[in-house]
Amino acid sequence: MLFTGDAKKGANLFKTRCAQCHTVVESEGNKIGPNLHGLFGRKTGSVEGFSYTDANKQKGITWDENTLFEYLENPKKYIPGTKMAFGGLKKGKDRNDLITWLQQETK
């Protein structure tokens, strides 16, 4: 799948749906959720200093565009037992926009 969404819309989605629990700024550390800096290519449950559920640690996937696309639709279905209290983004376009923005901002 090609992820060429609207990064500006993705930034707004992050601000309204994600930023209360996550940051993408490397120097900011973890919040309620883990820091997302360096997200792409990272294994689930591997951010230093963040207390993950066993379900998240044992999922054993590497975050990329496709795994995030599936995860962000329904996190609790993708990783049963996750403590992430987020219902997901049902619209594929919204997930695509958010992932496009994350690709730029988490490097």
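Calculation criteria
- Residues numbered from 1 in each chain as written.
- Predicted model: local features only at pLDDT ≥ 70, side-chain atom pairs only at ≥ 80, totals over all residues.
- Heavy atoms only, no water.
- Buried < 20%, exposed > 50% of the residue type's maximum accessible area, 1.4 Å probe, protein only.
- Helix = DSSP H or I, 4+ residues; strand = E, 2+ residues; numbered from the N terminus.
- Contact = heavy atoms within 4.5 Å.
- Polar contact = N/O pair within 3.5 Å; in protein donor to acceptor, adjacent residues only side chain to side chain.
- Axes fitted to C-alpha atoms, helices over the stretch in contact; angles between N-to-C directions.
- Parallel < 35°, antiparallel > 145°, perpendicular 65-115°, else oblique.
- Left-handed = near helix turned anticlockwise from the far one by under 90°.
- Nonpolar A, V, L, I, M, F, W, Y, C, P; charged D, E, K, R; others polar.
- UniProt positions renumbered as here; feature names shortened; annotations may be inferred.

A. Representation of helix 3 (residues 65-73). The complete set of buried residues in helix 3 reads T67, L68, F69, Y71 and L72. Close packing links the buried residues of helix 3 with helix 4 (75-78) and helix 5 (92-105). By the N-cap criterion, in which a side-chain oxygen at the helix start approaches the backbone nitrogen of a residue two or three places on, helix 3 is capped by D64, the distance to N66 being 2.9 Å.

B. Looking closely at the packing of helix 3 against helix 5. Where helix 3 contacts helix 5, the two axes come as close as 10 Å, and the packing angle between them is 135°. Regarding the angle of helix 3 to helix 5, the classification is oblique. Seen along the crossing, helix 3 lies across helix 5 with a hand that is right-handed. Taken together, the residues of helix 5 that come into contact with helix 3 (itself represented by E65, L68, F69, L72 and E73) are G92, R95, N96, L98, I99 and Q103. Each residue belonging to the contact of helix 3 with helix 5 can be placed in one class, and the counts come to 5 nonpolar, 3 polar and 3 charged.

C. Structural detail: the side chain of N35. Note on placement: N35 falls in the loop between helix 1 (7-18) and helix 2 (54-59). A relative accessible area of 6% means that N35 is categorised as buried. One polar contact links the side chain of N35 to the main-chain carbonyl oxygen of G29, over a distance of 3.3 Å. Among the polar contacts listed, one links the side chain of N35 to the backbone nitrogen of H37, at a separation of 2.6 Å. Among all residues touching N35, those that are not within four sequence positions of it are T23, V24, V25, E26, E28, G29, N30, R42 and V47.

D. Examining the UniProt feature "domain: Cytochrome c" (unreviewed entry) in the protein more closely. The sites that carry the UniProt feature "domain: Cytochrome c" (unreviewed entry) are, in the present numbering, residues 5-106. Secondary structure over residues 5-106 splits into 44% helix and 0% strand, and the C-alpha atoms at its two ends are 16 Å apart.

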